[in-house]
Structure formats: C-alpha cells, structure tokens
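Here is what each chain is made of, one letter per residue.
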Amino acid sequence: MAAMRYRDALNAALREELQRDERVFLMGEDIGVFGGAFKVTAGLLDEFGEKRVRDTPISENTIVGMGVGAAMAGLRPVVELMTINFSLLAFDQIVNHAAHIHYMFGGQVTVPLVLRMPQGAGHQLGPTHSHCLEAMFMHVPGLLVAAPGTPADAKGLLKTAIRDENPVVFIEHESLYGISGEVPEEEEALVGFGRARVAREGSDVTVVGISRMARTAERAAETLAAEHGVHAEVIDPRTLRPLDLDTVLASVASTNHCVIVEEGWPHGGVGANLAALISEQAFDDLDAPVQRVSGADAPMPYSKPLEDAAYPHEAQVVQAALAVLGQSQGPPAGPGGGS
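Residues numbered from 1 in each chain as written. Predicted model: local features only at pLDDT ≥ 70, side-chain atom pairs only at ≥ 80, totals over all residues. Heavy atoms only, no water.

Visitor: Help me understand a nonpolar patch on the surface, please; the structure alone is not making it clear to me.
Guide: Taken together, the side chains of Met72, Tyr103, Met104 and Phe105 define a hydrophobic patch exposed on the protein surface, amounting to about 490 Å² of accessible area. Residue position: Met104 is located in helix 5 (residues 101–104). By relative accessible area, which is 59% here, Met104 ends up exposed. (Patch = residues over 30% accessible without salt bridge, like charges linked within 9 Å, V, L, I, M, F, W, Y side chains within 5 Å. Areas by Shrake-Rupley, 256 points an atom, 1.4 Å probe, with all protein chains shown as cover. Salt bridge = Lys/Arg side-chain N within 4 Å of Asp/Glu carboxyl O. Helix = DSSP H or I, 4+ residues; strand = E, 2+ residues; numbered from the N terminus. Buried < 20%, exposed > 50% of the residue type's maximum accessible area, 1.4 Å probe, protein only.)

If you want it as structure tokens, here you go:
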C-alpha cells in the first residue's frame, strides 16, 4: 500500500493500462499538452505519444462518437469530458449508440468504451458546471456506472472499467481529486463492479453515501457516535450499475433504519431509486421510513454561501439519522439537504 492522491491514483491506472494493452488510448479536450483540466493525464503524452494520448477539438458529440466507433473497431478508448454537463451535448452518442449497439447488433459487436467525467458542487462554477448526473446514466440499460469515493477505488475501478467489454460511465467528483488515501501498489489490484464498500460498521442505522457523500456520511457517523451514542454503518456502493443491493439490504436487516445521502437532485435521483428498492425488498426489516438527504431541487447558485446550502453536509446527515431513529424533535433532513 502507498499513500496516493485521488488524481494520481487515476493517473496510475491509466498509465498501467496503456502499458498493459496497446489497444488502450486516451482522447479528450486538453488531456495531452495541458495534462487535463484536473491534471489526471499529466505526463502521459510525453510517455506514450500523440497516437495514444490525443487532444481533440471542442466537440463532445464528435469525441464520444469517435470513441464509440473506435471501440466497435477493436480499440479500447478512454474518453475524458471536461465536466459531466458537457456529456449532455453527446447524449445521443452515449444513450442511442454506446449503450445500445451491442443489443442492436445481436451481440456481434461490443463497445468497450470508458467515459471519464468529473462532476459536483463546491467550486462556485454555477448551475451549468456543478451537476451531479449519475442518476441520468444509471437509468440507461447497456451502460455501467461507477462513482468511486476513495483513491483506491478510483484506481481499481478505472482499471476494471478499461478492461470491461461494456461502455462505462466513470464519474469522478471534483472535490475528491486532492484527497489522499492508501492505494494497493499491485498492478492487478482491481475492484470489481457491483461490490459495495462498507466504510464503517455500525448497528443502529445504515447510511448509504454516493460518491463524495460517502465521505460526508463517514464524518457524520463520527459525530453521531461521539455526540449521540449512535453507531451508523456507512456503505459506499462504488458502482450504481451494477448495484450491490445485497450488501445494503443485509445492513438494513441488521440496523432496521436507513438514510441515503446524495448530492444530486431529489426527484428521480439515486436516493429515490434506492429508497424504493429498500422499501420493496426490506419492508419488514424497517422500523421507520427510509430518509433521503439530497441536493436542493434548484439550479446550483454561484454565491458561495448559497452553494454551500444547496448540497448536503454532515449536519443534515446527522439530523436525518436522528430523525429516522426518533431522537430528533425537528423536521427530518429530507430531499434538499436542509437547504
């Protein structure tokens, strides 16, 4: 194990897979000479050359379309979109082509394409650059969706994604790039899709955190234990499609209470989907309704104080956990994260 930043773990995964398989290549805006908007691809152009690390024009629909075609032809492209909102410009290529070609060709063609996209609030980038759109991609059959919350998972899941025969939407939170954590040094230390991470064990309430919200949930769990004597079990799904629902249901069966924390919008979000699944399949285990904490149901403000109020923090998670346990007199922190 070695201490490594999240962005460096991603860089290491890309380097190792470029070295391992000559079919792997990278393309996207400013990923070569500039090293990527968040410096994830720094140094790779010098090491592997312009054929394997390709700067592209500013046209997301074209970039993803080229990636789909290259994957169909036998290569393994890793496409970087500068932020997740730009994927909306390539939605036809992602949904109608990447996700469905294998089905439409009767299984004769695969699309081993990885779409890397950063997302998330906290950087005063306003409503068009602060999206959390994982639910939008999770909705589409034919796509795999990963949202790693730690450096180790970032590296292990990205390597798995590059080797998978299916198109993978690989979502990275902008606020995680600078965090550090222990990462296995072995090149074959892969993280399998559909395997959740139990970030903290507990017996009183299950807290499911998506992407960066897994870290927020862990900090909330520390507060719950220290100040309220409540022991929360924190689960990071790591991948949303496939989803490790079994681990979540097993935790709920043990704790009998559940809170789901996401940064995205509440309506039709990841939390809504998980709450429905838990309520359907673990109804008899629940001693109270599932609580959801989400981003505000509004465009993301540019103002820093308003932006901070528009996505969840530890206080809202603590409030929701206490509410589901019947220990809070105030209103529960439902969708909107207390904003």
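Visitor: Where do I start with the sheet that holds strand 5 (residues 114–119) in this structure?
Guide: Strand pairing within a sheet occurs via backbone hydrogen bonds; the two strands may be parallel or antiparallel. Spatially, seven strands are ordered 3-2-4-5-7-6-12 in an open sheet, and the strand pairing comes out mixed. The open sheet has two free edges, formed respectively by strand 3 (53–55) and strand 12 (239–241), since each of these has just one partner strand. Strand after strand, the sheet turns through a mean of 20° between neighbouring axes, direction not considered. (Pairing = 2+ DSSP bridges. Axes fitted to C-alpha atoms, helices over the stretch in contact; angles between N-to-C directions.)

Visitor: Honestly, the pairing of strand 7 (residues 168–173) in this entry has me stumped. Any pointers?
Guide: Consecutive residues of a regular strand have side chains that alternate between opposite faces of the sheet. Of all six residues making up strand 7, six are buried, and the element is well covered by its neighbours. Alternating residues of strand 7 divide into Val168, Phe170 and Glu172 and Val169, Ile171 and His173, and every residue in both groups is buried. Here six bridges tie strand 5 to strand 7, and the two strands are oriented parallel to one another. Paired with Gln119 across the strands is His173, a residue of strand 7. Both strand 6 (residues 144–146) and strand 7 contribute to a ladder of three bridges, which runs parallel. Residue Leu144 lies in a different strand from strand 7, and its bridge partner there is Val168. Taking the sense of rotation as the criterion, the β-α-β connection linking strand 6, helix 7 (residues 151–163) and strand 7 turns out right-handed. (Right-handed = clockwise from strand over helix to strand, strands pointing away.)

Visitor: What exactly am I supposed to notice about helix 7 here?
Guide: Residues that lie three or four places apart on an α-helix share one face, since the helix turns once every 3.6 residues. Taking 1.5 Å per residue, 13 residues should reach 18 Å; helix 7 reaches 19 Å between its end C-alpha atoms and fits that length. Helix 7 sits mainly inside the fold: 11 of its 13 residues count as buried. Along helix 7, the positions that sit buried rather than exposed are Pro151, Asp153, Ala154, Lys155, Gly156, Leu157, Leu158, Lys159, Thr160, Ala161 and Ile162. (Expected span 1.5 Å × (residues − 1).)

Visitor: What exactly am I supposed to notice about the nonpolar core here?
Guide: As a rule of thumb, nonpolar side chains are buried together in soluble globular proteins. Of all hydrophobic cores here, the largest spans 48 residues; its most connected members are Leu113, Leu115, Phe137, Val169, Ile260 and Ile278. Top contributing element to this core by residue count: helix 3 (residues 60–72), with five residues. Apart from the residues lying within four places of it in its own chain, the contact partners of Ile278 are Val248, Leu249, Val252, Cys258, Ile260, Phe283, Leu286 and Val290. Grouped together as the second largest cluster of nonpolar side chains are 29 residues, Leu14, Leu44, Phe170 and Val191 included. (Core = buried A, V, L, I, M, F, W, Y, C linked by side-chain atoms within 4.5 Å. Contact = heavy atoms within 4.5 Å.)

Any functional reading would require information beyond the geometric quantities listed.
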